[in-house]
Amino acid sequence: MARIRTTVDGLVYEDDVEPRMLLVQYLRERLGKTGTVIGCDTSNCGACTVHLDGLSVKSCSVLAVQANGSEVLTVEGLERDGQLHPVQQAFHDNHALQCGYCTPGMIMQSIDLLGDNPDPTEQEVREGIEGNLCRCTGYQNIVRAVQDAAQKMKPGASASQPATSSVAGGGA
């Protein structure tokens, strides 16, 4: 077992984990963050995308021990004071989902994209989300949602979360 301490959605967790436990398993099984979904287990689909220290990663390709000392942001950590993140709201407003399975990872990747490029073209959005697969929509409404969110977010506005934290017990 390995002891890890990580901040997830603004709360600090300390846990003993198996060294081979994937971050996606830790988030779902230990912390109950089931919005981070398991799609393919091969890092091809992007459904499990979260932010690790401010960058999007496919949590099925990261070990939980690699998140030790890091900050993780999941789709559950995006809303503030009952308000959806602008990207979440844009996905809703633009009907950018059908079954919804890819949506959490697609939203997390889109936030990362907008952090790097606050006013992307259609082609830049398509390239920015190419590592996240959607088998239902054909992507047009997803692209529209990302561009809508870009217009509603202030240029350079951070999608990262406040640094306030409290300690939550995870246990073994």
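Residues numbered from 1 in each chain as written. Predicted model: local features only at pLDDT ≥ 70, side-chain atom pairs only at ≥ 80, totals over all residues. Heavy atoms only, no water.

- If you look the protein up in an unreviewed UniProt entry, it shows as (2Fe-2S)-binding protein from Actinomycetospora termitidis.

Examining a negative patch on the surface
- The grouping of Asp119, Glu124, Glu127 and Glu130 at the surface amounts to a negative patch.
- By the secondary structure assignment, Glu130 is in the loop between helix H4 (122-128) and helix H5 (140-152).
- Given the relative accessible area of 61%, Glu130 is considered exposed. (Patch = residues over 30% accessible without salt bridge, like charges linked within 9 Å, V, L, I, M, F, W, Y side chains within 5 Å. Areas by Shrake-Rupley, 256 points an atom, 1.4 Å probe, with all protein chains shown as cover. Salt bridge = Lys/Arg side-chain N within 4 Å of Asp/Glu carboxyl O. Lys, Arg positive; Asp, Glu negative; His and termini not counted. Charge placed at Lys NZ, Arg CZ, Asp CG, Glu CD. Helix = DSSP H or I, 4+ residues; strand = E, 2+ residues; numbered from the N terminus. Buried < 20%, exposed > 50% of the residue type's maximum accessible area, 1.4 Å probe, protein only.)

Let's talk about H5
- For H5, with 13 residues, the first-to-last C-alpha span of 19 Å sits near the 18 Å given by 1.5 Å per residue.
- Inspection of H5 places Ile142, Val143, Ala145, Val146, Asp148, Ala149 and Ala150 among the buried residues, and these make up the whole buried set.
- Considering only its buried residues, H5 is in contact with helix H2 (86-93), helix H3 (103-116) and H4. (Expected span 1.5 Å × (residues − 1). Contact = heavy atoms within 4.5 Å.)

Some words on the environment of Asp112
- Tracing the backbone through its elements, the reader meets Asp112 in helix H3.
- The class for Asp112 is buried, based on a relative accessible area of 14%.
- C-alpha of Asp112 to C-alpha of Ile129: the two residues are 17 residues apart in sequence and 9.6 Å apart in space.
- Apart from residues lying up to four places away in sequence, Asp112 is in contact with His51, Gly54, Leu55 and Ser56.

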